[in-house]
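Close look at the chain arrangement
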Amino acid sequence: MSTYDITIIGSGPGGYVAAIRCAQLGMKTALIEKYDTLGGTCLNVGCIPSKALLDSSEHFHNVTHNFAEHGIDVKEVKANIEQMINRKNAVVEQTCAGVKFLMDKNDIDVHHGLGSFINKNTIKVVATDKSETTISTKNVIIATGSKPNFFPGMKPDKKRIITSTEALNLKEIPKKMLVIGGGVIGLELGSVFGRLGTQIDVVEFAPKIIPTMDGTMSKELTKVLKKEGFKFHLQHKVQKVTNTGKGVKVVALNKKNEEVTLEADYCLVAVGRKPFTQGLGFENAGVKLNDKGQVEVNDNLQTNVPNIFAIGDVVRGAMLAHKAEEEGVYVAEFLAGQKPHLNYNLIPGVIYTWPEVASVGKTEEELKEAGKAIKIGQFPIKALGRARASMDTLGTIKIIADEETDEVLGVHMIAPRAADLIMEAVVAMEYRASAEDIARICHPHPTYSEGVKEAALSATENRPLHI
Ligand code: FAD
Ligand code: NAD
């Protein structure tokens, strides 16, 4: 039987990063993954493939909508979905192979197969050919991630009623797609197909899309996506989705409780994800779940069984790759006797629409509900020289600061490259900067980052320069 200091179950961004950090800290490390490739949801069917298709479809959108104004005449433009999927698959393959390389480089033993507890220090790995390996281990990290969720009446059949995984591999560009859920997946994958010519109808339970983000972002993104041709059916409660053979039929109740029927070629179910703990044999180790089905952990990501930890989508908090990674590093360093630090308030969130939406810290709604006295500075992207030069004029940057101390409490933006721009705010907030601190920093011209400075100027003294 192989013996390890640490065994990690699941090779997503949480698990594989935890493995690297444990190995760097001198632990004999094993990583268990049930699939043939490493990288989990994020690399195989999540972050990486969705961004690959978002980039391809954005190029197509630019050729068909913006090139002519830039003075570039292109004739007979055609979207080749097969090539887009092939390129996406190649990107995924390279990225997963990169993780394998990192495991080898760090002397991490990878065991492919389904991992489950025999007891708190013994793990069984059953490979696809049914061969079994038993591992003895001092500590364990559960990093088994999540799976798509669905509600009664909308169970995906993976043919016409699909989840993100099937949407990333569609062989055709649908004429019409219904998306249940106006959250991150629905709007990102809706954007991919919308840009390729699919009519996207979003059916959302809440009164607004991206309901947990700052209200201004929801409003601005709604405007942007409507301009792209999205239709929104808000406050609609889906009752039943049926595969009609050639398409789908969705029956929902609107806010007046009237029945509404919508039809399309495909229905993408994107109503959140649920923690994945199936087949892990928790009963053999005594690991407890909470009432949401997440592995229950304390502030050090330790379960009720002291040598077993859990990280990433399978525990509480945002279901994000970078959150999972930071938790992996946290546990590795905690086990090595260090005092790691993880600020959950400063985990940025991004939606990769175009323009992108990015956010860190508290929303206006959260701060108002907490009774905090705040001041808000906002700057429109269209007032930036860089935006006009590139013809990317949609969006706004919003900075919320403490009324009294001027400390930045939240930054929310819908802007070109917001995914990268948000990091200025994250760094500033990590060092507890005031809005004036950001406003007094010299920003390069012409860049989108000048919008951050201008929003900070607006927040601190209401004196933007360029508006
Ligand atoms: P996962 O990545 O889910 O990995 C868990 C792994 O554990 C899997 O490989 C699974 O096979 C394995 N496993 C499970 N049980 C066992 C077992 N018993 N034995 C062995 N192996 C097991 N997040 C972002 O931050 N940015 C994005 O742009 C982004 N885009 C996304 C797009 C889509 C379409 C989706 C679906 C998700 C996206 N996410 C994004 C979310 C991100 O993918 C997850 O937050 C992240 O993958 C969670 O990492 P994890 O390590 O906790 O789990
Ligand atoms: P989500 O929580 O972002 O959005 C789900 C949406 O569905 C919400 O707006 C919710 O109100 C709505 N909804 C819930 N039940 C409904 C119902 N019965 N009818 C209609 N609407 C309903 O979830 P998601 O988009 O499925 O994404 C899952 C997770 O994956 C998210 O937590 C997200 O963090 C992660 N993810 C992240 C990224 C990124 O970082 N760019 C991209 C994709 C996914």
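The rules behind each value
- Residues numbered from 1 in each chain as written.
- Chains lettered and ligands numbered in written order.
- Predicted model: local features only at pLDDT ≥ 70, side-chain atom pairs only at ≥ 80, totals over all residues.
- Heavy atoms only, no water.
- Near = heavy atom within 4 Å.
- Polar contact = N/O pair within 3.5 Å; in protein donor to acceptor, adjacent residues only side chain to side chain.
- Areas by Shrake-Rupley, 256 points an atom, 1.4 Å probe, with all protein chains shown as cover.
- Helix = DSSP H or I, 4+ residues; strand = E, 2+ residues; numbered from the N terminus.
- Nonpolar A, V, L, I, M, F, W, Y, C, P; charged D, E, K, R; others polar.
- Domains from an automatic or database assignment.
- Phe/Tyr/Trp six-rings, centres within 6.5 Å; stacked < 30°, edge-to-face > 60°.
- Buried < 20%, exposed > 50% of the residue type's maximum accessible area, 1.4 Å probe, protein only.
- Lys NZ or Arg CZ within 6 Å of the ring centre and 35° of its normal.
- Pairing = 2+ DSSP bridges.
- Patch = residues over 30% accessible without salt bridge, like charges linked within 9 Å, V, L, I, M, F, W, Y side chains within 5 Å.
- Salt bridge = Lys/Arg side-chain N within 4 Å of Asp/Glu carboxyl O.

Turning our attention to the site of ligand 2. Taken together, 22 residues are adjacent to ligand 2, and Ile185, Glu188, Glu204, Gly272 and Val350 come closest. Here an oxygen atom of ligand 2 sits 2.8 Å away from a polar atom, N or O, in the main chain of Ile185. In this structure, a nitrogen atom belonging to ligand 2 sits 3.2 Å away from a main-chain N or O atom of Phe205. Burial of ligand 2 by the protein chains amounts to 78% of its free accessible area of 840 Å². For the shell around ligand 2, the leading source of residues is helix 7 (residues 184-195), giving 3 residues. For the shell around ligand 2, the residue count by class is 14 nonpolar, 4 polar and 4 charged. Looking at which domains feed residues into the shell around ligand 2, each of domain 1 (2-148 + 274-342) and domain 2 (161-271) supplies at least three.

Take the site of ligand 1 next. As a matter of local geometry, ligand 1 sits amid 39 residues, with Glu33, Thr41, Lys51, Asp313 and Ala321 nearest to it. Between a nitrogen atom of ligand 1 and a main-chain N or O atom of Cys47, the distance comes to 3.5 Å. Within the side chain of Lys51, an N or O atom sits 2.6 Å from an oxygen atom of ligand 1. For ligand 1, whose free accessible area comes to 1000 Å², the fraction covered by protein is 94%. Within the residue set of the shell around ligand 1, elements represented by two or more residues are helix 1 (13-24), strand 2 (29-33), helix 2 (40-45), helix 3 (47-65), strand 4 (114-119) and helix 10 (321-335). Looking at the shell around ligand 1 element by element, the count peaks at 4 residues for helix 2.

A few words on the packing of aromatic side chains. For the structure on display, the rule yields 4 aromatic pairs. Aromatic pair Phe117 and Phe282: ring centres 6.1 Å apart, planes at 55°, arrangement tilted. Of the two residues, Phe117 sits in strand 4 while Phe282 sits in helix 9 (residues 282-285), which places them 165 residues apart along the sequence. Given the relative accessible area of 8%, Phe282 is considered buried. Taken together, the aromatic side chains of Phe309, Tyr330 and Phe334 make up a single cluster linked through ring pairs. Lys147 extends its terminal NZ or CZ atom over the ring of Phe276, reaching a point 5.2 Å from the ring centre. Above the ring of Tyr266, the side-chain terminus of Arg160 is found at 4.7 Å from the ring centroid.

When you tally the buried positions in strand 21 (residues 396-402), you get 7 out of 7 residues, the bulk of the element. The side-chain alternation of strand 21 yields two buried faces, one formed by Thr396, Lys398, Ile400 and Asp402 and the other by Ile397, Ile399 and Ala401. Sheet topology places strand 20 (residues 374-380) next to strand 21; 7 bridges connect them, and they run antiparallel. By the bridge assignment for strand 21, Gly377 is matched with Ile399. Of the strand pairs in this sheet, strand 21 and strand 22 (residues 408-415) are connected by 6 bridges, and their pairing is antiparallel. Within strand 22, the position partnered with Thr396 by the bridge is Ile414. Hairpin connection from strand 21 to strand 22: 5 residues lie between these consecutive antiparallel strands, with Asp406 at a positive phi of about 75°.

On the surface, a cluster of nonpolar side chains totalling about 210 Å² of accessible area is made up of Ile72, Val74 and Val77. Structurally, Ile72 is set in the loop between helix 4 (67-70) and helix 5 (81-105).

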